[in-house]
Amino acid sequence: MAFLSKKSMHKAPILGFSVFLIPFLAFSYDGPLYDFTAYTECKSVPEKPLYNGGIFKDQAPLTQHRISTSDGSYTPALILQNLAENIMYCFSIWVKIRGADSTLVTASLMANNNSTYDCVGTVLAKSGCWSFLKGGFILDSPSSVSILYFQGTTDKRINVAIASASVQPFTEQQWRTNQQYIINTERKRAVTIHVSDSHGDRLQGASIKIEQISKDFPFGSAIARTILGNLPYQNWFVERFNAAVFENELKWYATEPEQGKVNYTIPDQMLEFVLANQIVARGHNIFWEDPKYNPAWVRDLTGPALKAAVSSRIQSLMSKYKEEFIHWDVSNEMLHFDFYEERLGPEATLHFYKTAHEADPLASLFLNEFNVVETCTDVNTTVDTYIDKIRELERGGSSMNGVGLESHFSKPNLPLMRAILDKLATLKLPIWLTEVDISNKFDKETQAIYLEQVLREGFSHPAVDGIMLWTAIHPNGCYQMCLTDSNLQNLPAGDTVDKLLKEWETGEANGLTDDHGSYSFFAFLGEYRIRVQYGNRTTNSTLSLSQSDETKHFNIQL
């Protein structure tokens with residue numbers, strides 16, 4: 001039997017019978033513990049396999065195979081037997097290449113049910129050292145024999161070697177148990193309230209009422225100008241969310257459609273609504289690298305004229321809203337598009353970040369990108385590509401403060417999503433899911449199912465600091481997914497959000513102090529109102545819970 005701390009949960013996976021010691025919530029668990037370990041540096045020697053190899057634990061030495069690919073080359077592969085459906089398979093492996101300075105190595109899976117999973121993990125491997133690939137997959141149907149193979153580019157001269165392979169299965173219940181453990185340790189804290197009289201004597205039987213009045217974890221949604229003047233929509237939003245982002249109203253094409261005619265009237269009104277309701281807001285965005293989402297007049301500029309316009313945009317926006325927005329998406333989707341760097345040179349983005357930081361030093365500055373966490377099939381935005389870009393900007397002196405993951409999902413691959421978050425966590429920067437929705441190619445019930453999976457995965461990952469939905473309401477619906485109909489009646493996705501919001505709050509608690517004059521409880525991080533009554537004496541206090549491994553002790557005197 002092992003007694004697990006939060007740190008051991010993150011670093012040391014244990015198979016077998018264990019006990020999670022959570023204050024006031026201890027329970028036994030005999031499944032595997034998820035290992036969040038990830039590496040982004042290239043090493044001279046591969047590390048030992050996670051989970052002691054998982055299903056390969058008893059295979060020593062590891063049996064490797066080579067298969068022929070469609071282009072006639074050969075690539076290393078692992079044979080996996082008797083894979084089940086709806087199981088979370090987490091895998092990791094170290095790869096080493098020869099024949100190129102670097103290449104993208106992609107892990108793919110072929111099952112004997114004629115299913116092919118084209119990408120279940122990637123790594124940007126470098127020559128002469130070992131690179132860590134972490135990924136995962138879920139099968140739609142059982143497969144008696146499956147092949148997990150690792151392929152570099154189609155250049156036949158590239159040789160891929162593998163070592164320290166690991167594949168660890170998790171049932172859905174095991175996965176949920178691991179999620180709940182992280183929620184209990186990362187998003188909650190133990191509290192003990194001590195009640196005494198004016199002489200310092202502890203009071204037994206004092207009545208305590210605890211009410212959560214705000215949540216620490218930012219969970220919100222995009223809003224549009226449609227919320228202005230719409231009191232039912234405003235009330236609906238405020239009842240649920242503590243964070244907001246403006247969908248389009250701060251984008252350059254919205255604030256300056258004609259050169260020199262800057263108009264912040266609409267975002268001013270939206271900001272007034274947000275601040276009046278103590279909602280934090282993200283600034284989205286300063287620059288969008290996709291040419292078609294820049295003002296038409298900007299697309300016609302070059303050289304000094306474009307440089308002057310860019311400088312004016314930053315100074316105007318940042319001086320107008322200094323210290324009003326907690327974040328700014330400084331560069332939006334720059335891994336897919338390069339409008340500014342193509343015209344202003346490779347230092348353009350670095351200049352954006354430096355200038356934005358000087359204009360508003362307290363705002364966190366983000367990159368924001370799609371197809372980083374949703375999939376690994378987009379070669380423009382593999383997890384290592386994103387990490388390399390952020391580190392490149394950091395080396396250049398930019399004040400990079402956050403990782404923005406748009407999170408426009410189709411069918412989510414949860415073990416892959418978690419593996420990507422693990423790698424991004426090595427940056428030690430705040431990670432936000434900034435534009436969460438599910439593709440409208442699915443029916444509303446399926447959207448709700450997939451949305452719950454993504455939200456649980458984000459909320460239960462220790463590196464994720466906030467979640468924003470992309471569900472601003474328009475007369476013709478929402479971008480991909482709505483939470484309600486036009487009458488603000490919940491759709492299935494809305495029911496999912498309401499359920500999770502309820503699950504992730506402490507709500508009210510009532511009790512009496514024990515014979516030591518103490519009352520203990522376990523609560524989500526945030527602000528609380530504490531009412532204590534003893535006889536005819538009553539006092540009200542507020543309590544703030546921030547993240548810590550230690551129990552919070554709070555003394556109240558009557």
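Residues numbered from 1 in each chain as written. Predicted model: local features only at pLDDT ≥ 70, side-chain atom pairs only at ≥ 80, totals over all residues. Heavy atoms only, no water.

As named in an unreviewed UniProt entry, the protein chain is GH10 domain-containing protein, taken from Populus tomentosa.

> Just checking my understanding: could you explain the overall build of the protein chain for this structure?
When helices and strands are counted, the protein chain shows 13 helices and 27 strands. In terms of overall size, the protein chain behaves like a compact globule, its C-alpha atoms giving a radius of gyration of 26 Å where 558 residues would be expected to give roughly 24 Å. Each principal axis of the C-alpha distribution contributes one length, and for the protein chain these read about 85 × 70 × 45 Å. Classification of the 558 residues of the protein chain by burial places 56% in the buried group. (Helix = DSSP H or I, 4+ residues; strand = E, 2+ residues; numbered from the N terminus. Rg over C-alpha atoms; globule rule 2.2 N^0.38 Å. Buried < 20%, exposed > 50% of the residue type's maximum accessible area, 1.4 Å probe, protein only.)

> Even after reading the chapter, I still don't get helix H11 (residues 414-425), so can you show me in this structure?
Every α-helix carries 3.6 residues per turn, so stepping three or four residues along brings you back to the same face. The first and last C-alpha atoms of H11 sit 16 Å apart over 12 residues, in line with the 16 Å expected at 1.5 Å per residue. Along H11, 11 of the 12 residues are buried, which leaves the element largely enclosed by surrounding structure. Restricting attention to buried positions, one finds in H11 the residues Leu414, Pro415, Leu416, Met417, Arg418, Ala419, Ile420, Leu421, Asp422, Lys423 and Leu424. (Expected span 1.5 Å × (residues − 1).)

> Just to check I follow, could you spell out the sheet that holds strand E11 (residues 159-170) for this structure?
Backbone-to-backbone hydrogen bonds pair the strands of a sheet. The strands run either parallel or antiparallel. The sheet built from 3 strands is open, its strands ordered E9-E6-E11 with antiparallel pairing. Pairing within the sheet leaves two strands with one partner each, and these edge strands are strand E9 (131-137) and E11. The sheet shows a mean angle of 20° between the axes of neighbouring strands, taken without regard to direction. With 7 bridges connecting them, strand E6 (residues 88-98) and E9 associate as antiparallel partners. If you follow Ile93 over to E9, its bridge partner there is Leu133. Sitting on the sheet, helix H2 (residues 172-186) is in contact with E6 and E11, with an inclination near 90° to E11. Sheet strands touched by H11: E6 and E9. Its angle to E9, the strand with the most contacts, is close to 150°. (Pairing = 2+ DSSP bridges. Axes fitted to C-alpha atoms, helices over the stretch in contact; angles between N-to-C directions. Contact = heavy atoms within 4.5 Å.)

> In this structure, what is going on with unusual backbone geometry? I would like to understand it.
Going from His284 to Asn285, the amide bond is cis rather than trans, its omega being -15°. For Asn285, the position within the fold is in strand E16 (residues 280-288). Here Asn82, not a glycine, exhibits a phi torsion of approximately 55°, which is positive. Mapping Asn82 onto the fold places it in strand E5 (residues 74-83). A relative accessible area of 62% places Asn82 in the exposed class. Positioned with a positive phi, Asn86 is a non-glycine residue whose angle comes to about 60°. With respect to the helices, strands and loops of the structure, Asn86 is situated in the loop between E5 and E6.

> What am I meant to see in the nonpolar core here?
Within soluble globular proteins, side chains that are nonpolar tend to cluster in buried spots. Counting 133 residues, the largest nonpolar core has Trp328 and Leu424 as the members making the most contacts within it. Each residue touching Leu424, except ones within four places of it in the same chain, is listed here: Val372, Val383, Tyr386, Ile387, Val403, Leu405 and Ile431. Counting residues in hydrophobic clusters, the runner-up holds 27 residues, among them Phe56, Tyr117, Leu133 and Ile158. (Core = buried A, V, L, I, M, F, W, Y, C linked by side-chain atoms within 4.5 Å.)

> How do you make sense of the UniProt feature "domain: GH10" (unreviewed entry) in the protein chain when you look at a structure like this?
Look at the UniProt record and you will see "domain: GH10" (unreviewed entry) annotated at residues 204-500. Taken end to end, residues 204-500 is 39% helix and 20% strand, and its first and last C-alpha atoms sit 36 Å apart. (UniProt positions renumbered as here; feature names shortened; annotations may be inferred.)

> Looking at this model, I keep getting lost on the state of the cysteines. Mind explaining?
The term disulfide refers to a covalent linkage connecting the sulfur atoms of a pair of cysteines. Applying the stated criterion across every chain yields a total of 3 disulfides. Covalent S-S linkage joins Cys42 and Cys129, the inter-sulfur distance amounting to 2.0 Å. Its S-S torsion of approximately 100° makes the covalent link between Cys42 and Cys129 right-handed. One end of the pair, Cys42, is in the loop between strand E3 (25-29) and strand E4 (65-68); the other, Cys129, is in the loop between strand E8 (116-126) and E9, with 87 residues separating them in the sequence. Given a relative accessible area of 27%, Cys42 falls into the partly exposed group. Disulfide pairing is shown between Cys119 and Cys376; the S-S distance is 2.0 Å. On the S-S bond that ties Cys119 to Cys376, the torsion sits near -130°, and the link is left-handed. Note that Cys119 is positioned in strand E8 and Cys376 in the loop between strand E18 (364-369) and helix H10 (383-395), a separation of 257 residues in sequence. In this structure Cys376 comes out as buried when scored by relative accessible area, which is 6%. When the cysteines of the protein chain that form disulfides are numbered from the N-terminus onward, they connect as 1-3, 2-4, 5-6. You can see Cys90 has no disulfide; the closest cysteine sulfur is in Cys376, sitting 14 Å from it. (Disulfide = S-S within 2.5 Å.)

> Sorry if this is basic, but what is going on with the packing of aromatic side chains here?
To describe a pair of aromatic rings, you give the distance between the ring centres and the angle between the ring planes. Taken as a whole and assessed by the stated rule, the structure comprises 34 aromatic pairs. Judged by centre distance (6.1 Å) and plane angle (50°), the ring pair of Tyr34 and Phe170 falls under tilted. Here Phe170 lies in strand E11 and Tyr34 lies in the loop between E3 and E4, a separation of 136 residues in the sequence. Across this residue pair, the class does not change: Tyr34 and Phe170 are buried. Seen in terms of ring centroids, Phe442 and Tyr450 are 5.1 Å apart; in terms of plane orientation they differ by 90°. Their pairing is edge-to-face. (Phe/Tyr/Trp six-rings, centres within 6.5 Å; stacked < 30°, edge-to-face > 60°.)

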